[in-house]
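Chain by chain, the residues run as shown.
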Amino acid sequence: MTDLQEVLDEIAQEMACSADRGTVAQYIPELAKVDPEQFGIAVALPDGRVLSAGDAGTGFSIQSVSKVFTLALALGKLGDAVWSSVGREPSGNPFNSIVQLEQEKGRPRNPFINAGAIAVVDLIMAGHEPKEAIGEIIQFIRHLADDDSILIDEHVARSETAHGDRNASLAHFMRAFGNIDHPVDHVLGVYFHQCAIVMNCQQLARAGLFLANQGRDPVTGAQVVSPQRARRINAIMLMCGHYDGSGEFAFRVGLPGKSGVGGGILAIAPGKASIAAWSPGLDHVGNSKLGSAALEQLAKRMGWSVFGA
Ligand code: GLN
């Protein structure tokens, strides 16, 4: 039997030697300051163990990985009504692209591109002040990670707000089509705070465990989403979780995954494990370069690809 801890240690060693680490996100100044020489990986198993290697205890900005959790939260609150505001097709475009929004009358292609995640935030905000919505999102993530110490980095949230013109355009454009109910600055305030949540690989892998276990947290026994919803969230992660790099990630790794520009990736091996990999350097589409390489190695060595060992 393959020893998982050994595999993780080997992968961390290989990644430490890697010369090509990609480029740290530049468009959010706070993220541009992060040391690219870091790499961590953690695997949460259905029996509750969390194995890890490298910098798996170092916190990072989860950025778009948060979109998995806000989708689960919105589906729990509103059910399938979510799908009238956002689609579930891959976009084949960059995460911050606006082009398809005009063709599709302000309804984003999926909940994982920026426009889609902003539309999901608008749904979560119904009946809430922005502060309450932020509180609800962070509480949900703490509950999933079973860890009340998880916080939001206000510097990152502010840094992104100050450079958020692109996201503001997406939100205004959707609002013009009637697909955003709340004032744009309120919606963006919640969205930027959700992206600025700080987690380490161990916490992130733990938080994703319900998706590897038919929607149920195997440790606390909480049914977070129905088995059907867990399957569907995984399907959207596989098809859309890496933007215009989703095909490449499916081809190389073969797991549902969601990346963020902080360099984190959450990947799910259904029935087997929830995995978080992190390294701040990104490839040309904004996905963690070493994170993807590490997941490719892990899936290969463990035989975890959803397409067969
Ligand atoms: N907060 C980032 C943005 O809105 C999230 C993008 C990402 O992680 N891909 O641009």
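- The name an unreviewed UniProt entry gives the chain is Glutaminase, with Hoeflea algicola as the organism.
- The Subunit (unreviewed entry) field of the UniProt record for the chain holds the comment "Homotetramer."
- UniProt lists a comment for the chain under the heading Sequence similarities (unreviewed entry), and it reads "Belongs to the glutaminase family."

Some words on the overall build of the chain
Part 1 of the reasoning: Assigned secondary structure in the chain consists of 14 helices and 10 strands.
Part 2 of the reasoning: The C-alpha radius of gyration of the chain comes to 18 Å, within 12% of the 19 Å expected for a compact globule of 309 residues.
Part 3 of the reasoning: Considered along the principal axes of its C-alpha atoms, the chain spans approximately 55 × 40 × 35 Å.
Part 4 of the reasoning: Classification of the 309 residues of the chain by burial places 54% in the buried group.

Re helix α3 (residues 66-78)
Part 1 of the reasoning: Given a rise of 1.5 Å per residue, 13 residues ought to cover 18 Å, and the 18 Å separating the end C-alpha atoms of α3 matches this to within 8%.
Part 2 of the reasoning: Burial analysis of α3 places 10 of its 13 residues in the buried class, which makes it a mostly covered element.
Part 3 of the reasoning: Just downstream of α3, Gly79 is the residue with a positive phi angle, here 65°.

Some thoughts on the nonpolar core
Nonpolar side chains tend toward joint burial in soluble globular proteins.
Part 1 of the reasoning: Grouped together as the largest cluster of nonpolar side chains are 100 residues, with contacts concentrated most on Ile275 and Leu295.
Part 2 of the reasoning: Broken down by element, the residue count for this core peaks at eight residues, all from helix α5 (residues 114-124).
Part 3 of the reasoning: If you count residues domain by domain, this core takes at least three from each of domain 1 (4-63 + 197-301) and domain 2 (66-195).
Part 4 of the reasoning: Apart from the residues lying within four places of it in its own chain, the contact partners of Ile275 are Val43, Ala205, Ala267, Ala269, Leu295 and Leu298.

Quick notes on the sheet that holds strand β6 (residues 197-199)
Part 1 of the reasoning: Here three strands make up an open sheet; going across it, the order is β4-β6-β5 and the pairing antiparallel. Two strands lie at the open edges of the sheet, namely β4 (60-61) and β5 (151-152), each paired on one side alone.
Part 2 of the reasoning: With two bridges connecting them, β5 and β6 associate as antiparallel partners. If you follow Ile152 over to β6, its bridge partner there is Ile197.

So, the sheet that holds strand β7 (residues 257-259)
Part 1 of the reasoning: With respect to topology, five strands assemble into an open sheet ordered β3-β2-β9-β8-β7, the strand pairing being antiparallel. Lying at the two open borders of the sheet, with one neighbouring strand each, are β3 (50-54) and β7. Recorded for the sheet is a direction-independent mean angle of 10° between the axes of neighbouring strands.
Part 2 of the reasoning: In terms of strand pairing, strand β2 (residues 40-44) meets strand β9 (residues 273-278) through five bridges, oriented antiparallel. Bridge pairing in β9 links Val43 to Ile275.

Calculation notes
Residues numbered from 1 in each chain as written. Predicted model: local features only at pLDDT ≥ 70, side-chain atom pairs only at ≥ 80, totals over all residues. UniProt positions renumbered as here; feature names shortened; annotations may be inferred. Helix = DSSP H or I, 4+ residues; strand = E, 2+ residues; numbered from the N terminus. Rg over C-alpha atoms; globule rule 2.2 N^0.38 Å. Buried ≥ 20, exposed ≤ 12 C-beta atoms within 10 Å, placed from the backbone. Expected span 1.5 Å × (residues − 1). Core = buried A, V, L, I, M, F, W, Y, C linked by C-beta atoms within 7 Å. Domains from an automatic or database assignment. Contact = placed C-beta atoms within 7 Å. Pairing = 2+ DSSP bridges. Axes fitted to C-alpha atoms, helices over the stretch in contact; angles between N-to-C directions.

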